[in-house]
Amino acid sequence: MQPLTGSFKRSLASGRTLNSAFRYLHSQTPSNNPNTQKTTSFGFQTVPEDAKEGLVKNVFDSVASKYDLMNDATSLGVHRLWKDQFVADLKPGRNGPLRCLDVAGGTGDIALRILDYAREKYADRETTVEIVDINAQMLNEGYRRFKQTMYHNTPQVSFHEGNAQELSEKFADNSYDLYTIAFGIRNCTSVPAVLSEAYRVLKPGGTFACLEFSRVNNPVLSTLYDQYSFSIIPLLGTILAGDRTSYQYLVESIRKFPPQPEFAQMIRDAGFRTGTDVDGGAWTDLWGGVACIHTGVKL
Amino acid sequence: MSILACCRTHGLPFFKKTSKAPCTPFLRSINSASTPVYPGHIPLTSFENAFLAVGSGLMSLSDPYRGDMISALGETTAGPALPRLRDAMLQSPEGRRILKDRPRINTKTVDLNALSKLSEGTFGRTYVSWLERTGVTPDTREPVRYIDDPELAYVMQRYRECHDFYHAINNFSVNRESELAVKFFEFANLGLPLAAFSALFGPLTMNAKKRHRLYSEYVPWALRCGSRARCLITVYWEERWEQQTVDMKKEFGLWDAPPARWPKAKQTQTGHDVD
């Protein structure tokens, strides 16, 4: 099996970021029976399952320092509106202080919004958010960002390095009111594993909320979106961050993620209760489906 | 080699019109991935090419340390200059040998140790001394990515790798004035738009005294010498390590540049005053 073509391997924007990833990939000892080795997608490439985590880690190590800048540049600032709506729809703090778990929360965008919303709307200073991310560089960026806020060194925020598919025992069963994961779940190797961990740690009555890029069904919008994603975004990555390959991966991974009804079904398969499979039910499309908020409740 | 090139080799009629690249699409095709034609190639549509040209231009101005952006600017704006250079190479026997062999210049292909043992005054020795004085290494040139034709991509790569030779043979340092002088020289000699951009925008960040010196001393020399000299892309430098630099300069039609200012810390080999 040749998961990565030579030309892809060599088309590295700066020759530094994914080189180590591919060396890591090729140092994996081949399984005894290559036909049964499980594979998954890494953008449009097919890679062995156990390799994906390392490859994604390298992507995020590379993008971490310019993550927020690139988010603003590639989405023209719109990601802020999406995240604002995501948190506003959840109304954290309305029914008292919450214990939140923000997974793949790296740079802290969602955590900060949750804490600010609870504080501003409900005068709630007891809500806590624990930020979990598999990538230490991203967590560092988040920690640095939080130092500029009033939540630094308070029990309201804490940072943990961890894998969404296998949260450590310190994240106990049935202990969180709210689990959020924004723009992170498509980078995980096994989405069902993430969902079942989410189910485990949420209290009965707790909410699962996921903000993610999704399928655009409108053909006109979809064509424009595709052109923008595959033409402009990798170039912005080249120009602003000197890294085309990471952004190429990011736009490809969006296309590989299951569309809204399928993902809603996966959420139900994990045990959550969702709304009906329509826009406005189990999910809410933002900007025609460019982004989408999926929610579920643990009964 | 293309049929056209074969015609040239055998002295058949030379067509003035340079070969035109196939039409690049305007929009990117999402479902069928465009295939790279050489390692590291990133095919761009004409819109993307323009976008990258503008973007890399702005980025190069705002952050001159982004070498990859300067390279990208050069590649996206090369336009007809590269076919013209390739045709110049095809017209000279030395240039044709270069296109056939496609030699690369880096520490693996050039034995710097052997060159340093050559006698004083040879080009090889001049080059190695220049590398030592400036602290430059031939290994830091960006690979070409955005040129679609593999032969033109090689011409671009060759230009990038030979840039240091233009410094060395004219005894220029790598400070801003010297770089700009070489860029003016390159523009006159090779005609690449990137050289023109650097020449236009580079001096803006210099102080007035240095700028005056550049325009009064170096630029006249660069433009006159560059335009009268032989097109240096046709020079097979690797065949000439043992030649005397002085003889080479005569052969190419180069004459001495105004003395370049070298950084204080380094003493020149010929004992020039370093001011």
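Residues numbered from 1 in each chain as written. Chains lettered and ligands numbered in written order. Predicted model: local features only at pLDDT ≥ 70, side-chain atom pairs only at ≥ 80, totals over all residues. Heavy atoms only, no water.

- Under an unreviewed UniProt entry, the name given to chain B is 4-hydroxy-3-methoxy-5-polyprenylbenzoate decarboxylase, and the organism recorded is Dendrothele bispora.
- Its UniProt record gives chain B a comment under Catalytic activity (unreviewed entry), which states: "a 4-hydroxy-3-methoxy-5-(all-trans-polyprenyl)benzoate + H(+) = a 2-methoxy-6-(all-trans-polyprenyl)phenol + CO2".
- Quoted verbatim from the Sequence similarities (unreviewed entry) field of the UniProt record, the comment on chain B reads "Belongs to the COQ4 family." (UniProt positions renumbered as here; feature names shortened; annotations may be inferred.)

- As recorded in an unreviewed UniProt entry, chain A goes by the name 2-methoxy-6-polyprenyl-1,4-benzoquinol methylase, mitochondrial, listed as coming from Dendrothele bispora.
- In UniProt, chain A has this text filed under Catalytic activity (unreviewed entry): "a 2-methoxy-6-(all-trans-polyprenyl)benzene-1,4-diol + S-adenosyl-L-methionine = a 5-methoxy-2-methyl-3-(all-trans-polyprenyl)benzene-1,4-diol + S-adenosyl-L-homocysteine + H(+)".

**Thoughts on the overall build of chain A**
Argument step 1. When you go through chain A residue by residue, the secondary structure sums to eleven helices and nine strands.
Argument step 2. Across the 299 residues of chain A, 56% fall into the buried class.
Argument step 3. Here chain A has roughly 13000 Å² of accessible surface; of this, 51% comes from carbon and sulfur atoms. (Helix = DSSP H or I, 4+ residues; strand = E, 2+ residues; numbered from the N terminus. Buried < 20%, exposed > 50% of the residue type's maximum accessible area, 1.4 Å probe, protein only. Areas by Shrake-Rupley, 256 points an atom, 1.4 Å probe, with all protein chains shown as cover.)

**Section: the overall build of chain B**
Argument step 1. In terms of regular secondary structure, chain B is built from twelve helices and zero strands.
Argument step 2. The N-to-C order of helical and strand elements in chain B reads α-α-α-α-α-α-α-α-α-α-α-α.
Argument step 3. Evaluated residue by residue, chain B yields a buried proportion of 49% over its 275 residues.
Argument step 4. Look at the contacts in chain B between residues 6 or more apart in sequence, and 68% of them connect residues 24 or more apart.
Argument step 5. Carbon and sulfur atoms provide 59% of the accessible area of chain B, an area that totals close to 13900 Å². (Contact = heavy atoms within 4.5 Å.)

**Section: the nonpolar core**
Argument step 1. Grouped together as the largest cluster of nonpolar side chains are 61 residues, with contacts concentrated most on Leu82 and Trp237 of chain B.
Argument step 2. Elements with a contribution of two residues or more to this core: α4 (81-91), α5 (93-101), α7 (123-134), α8 (150-169), α9 (176-190), α11 (208-228) and α12 (245-252) of chain B.
Argument step 3. When residues of this core are assigned to their parent elements, the largest contribution, eleven residues, is made by α8 of chain B.
Argument step 4. By size, the runner-up hydrophobic cluster in this structure holds 31 residues, among which are Trp82, Leu112, Leu139 and Leu178 of chain A. (Core = buried A, V, L, I, M, F, W, Y, C linked by side-chain atoms within 4.5 Å.)

**Some remarks on the sheet that holds strand β7 (residues 202-213) of chain A**
Residue and element names in this part refer to chain A.
Argument step 1. Across the sheet, which stays open at both edges, the seven strands sit in the order β5-β4-β3-β6-β7-β9-β8 with mixed pairing between neighbours. The sheet terminates laterally at β5 (157-161) and β8 (283-286), the two strands that pair on one side only. Between one strand and the next, the sheet's axes are offset by a mean angle of 15°, whatever the strand orientation.
Argument step 2. Of the strand pairs in this sheet, strand β6 (residues 176-182) and β7 are connected by six bridges, and their pairing is parallel. By the bridge assignment, Ala182 is partnered in β7 with Leu211.
Argument step 3. Packed onto the sheet, helix α5 (residues 78-90) meets β6, β7, β8 and β9 (291-297) and runs at close to 160° relative to β7.
Argument step 4. Contacts from helix α11 (residues 260-269) reach β7, β8 and β9, with the element oriented near 25° to β9. (Pairing = 2+ DSSP bridges. Axes fitted to C-alpha atoms, helices over the stretch in contact; angles between N-to-C directions.)

**With respect to the interface of chain A and chain B**
Argument step 1. With 19 residues of chain A in contact, the opposing surface of chain B contributes 21 residues.
Argument step 2. Summed over both partners, the interface of chain A with chain B comes to about 1600 Å²; 67% of that surface belongs to carbon and sulfur atoms.
Argument step 3. The largest per-residue losses of area from chain A upon contact with chain B belong to Gln227, Leu235 and Ile239 of chain A, which jointly make up 33% of the total buried on that side.
Argument step 4. Run the count over chain A and chain B and you get zero salt bridges.
Argument step 5. In this assembly, chain A and chain B are joined by three residue pairs in polar contact (both at pLDDT 80 or more).
Argument step 6. At the level of elements, α1 (6-10) and α9 (219-241) of chain A are the ones that each hand at least two residues to the side of chain A that touches chain B.
Argument step 7. It is α9 of chain A that contributes the most residues to the side of chain A that touches chain B, eleven residues altogether.
Argument step 8. A breakdown of the residues in the side of chain A that touches chain B according to their chemical character gives nine nonpolar, seven polar and three charged. (Buried area = accessible area lost by both parts, 1.4 Å probe. Salt bridge = Lys/Arg side-chain N within 4 Å of Asp/Glu carboxyl O. Polar contact = N/O pair within 3.5 Å; in protein donor to acceptor, adjacent residues only side chain to side chain. Nonpolar A, V, L, I, M, F, W, Y, C, P; charged D, E, K, R; others polar.)

**A look at a nonpolar patch on the surface**
Argument step 1. On the surface, Leu61, Leu200, Phe201 and Leu204 of chain B cluster together into a nonpolar patch covering about 420 Å² of accessible area.
Argument step 2. Inspection of the secondary structure assignment puts Leu200 of chain B in helix α10 (residues 193-201). (Patch = residues over 30% accessible without salt bridge, like charges linked within 9 Å, V, L, I, M, F, W, Y side chains within 5 Å.)

**Let's talk about the confidence of the model for chain B**
All names here are of chain B.
Argument step 1. On average, residues of chain B carry a pLDDT of 84, and 85% of them reach 70 or more.
Argument step 2. The spread of mean pLDDT over the elements of chain B runs between helix α1 (residues 3-9), the lowest at 48, and α5, the highest at 95.
Argument step 3. Of the regions scoring below 50 in pLDDT, residues 1-7 engages in six contacts with residues more than four places distant in sequence or in other chains.
Argument step 4. Note that residues 11-21 has pLDDT below 50 and, in this model, ten contacts with residues that lie over four places away or in other chains.
Argument step 5. Predicted complex, confidence summary: ipTM 0.77, pTM 0.78. (pLDDT = per-residue confidence, 0-100.)

**Describing the packing of aromatic side chains**
Argument step 1. By the definition in use, this model includes 30 aromatic pairs over all chains.
Argument step 2. Here the aromatic rings of Phe183 of chain A and Phe213 of chain A are separated by 4.6 Å at their centres, their planes lie at 35°, and the arrangement is tilted. Placement of Phe183 of chain A in the loop between β6 and α8 (191-201) and of Phe213 of chain A in strand β7 is noted, with a sequence separation of 30 residues between them. Side by side, Phe183 of chain A and Phe213 of chain A carry an identical accessibility label, which is buried.
Argument step 3. Between Trp237 of chain B and Phe252 of chain B the ring centres are 5.8 Å apart and the planes differ by 75°, which places this aromatic pair in the edge-to-face class. With Trp237 of chain B in the loop between α11 and α12 and Phe252 of chain B in helix α12, the pair connects residues that are 15 residues apart, well separated along the chain. The pair Trp237 of chain B / Phe252 of chain B is uniform in exposure class, with both members buried.
Argument step 4. Seen from the ring of Tyr176 of chain A, Arg99 of chain A lies directly overhead, with NZ or CZ sitting 4.4 Å from the centre.
Argument step 5. The cationic tip of Lys298 of chain A hangs over the ring face of Tyr199 of chain A; the distance from NZ or CZ to the ring centre is 4.7 Å. (Phe/Tyr/Trp six-rings, centres within 6.5 Å; stacked < 30°, edge-to-face > 60°. Lys NZ or Arg CZ within 6 Å of the ring centre and 35° of its normal.)

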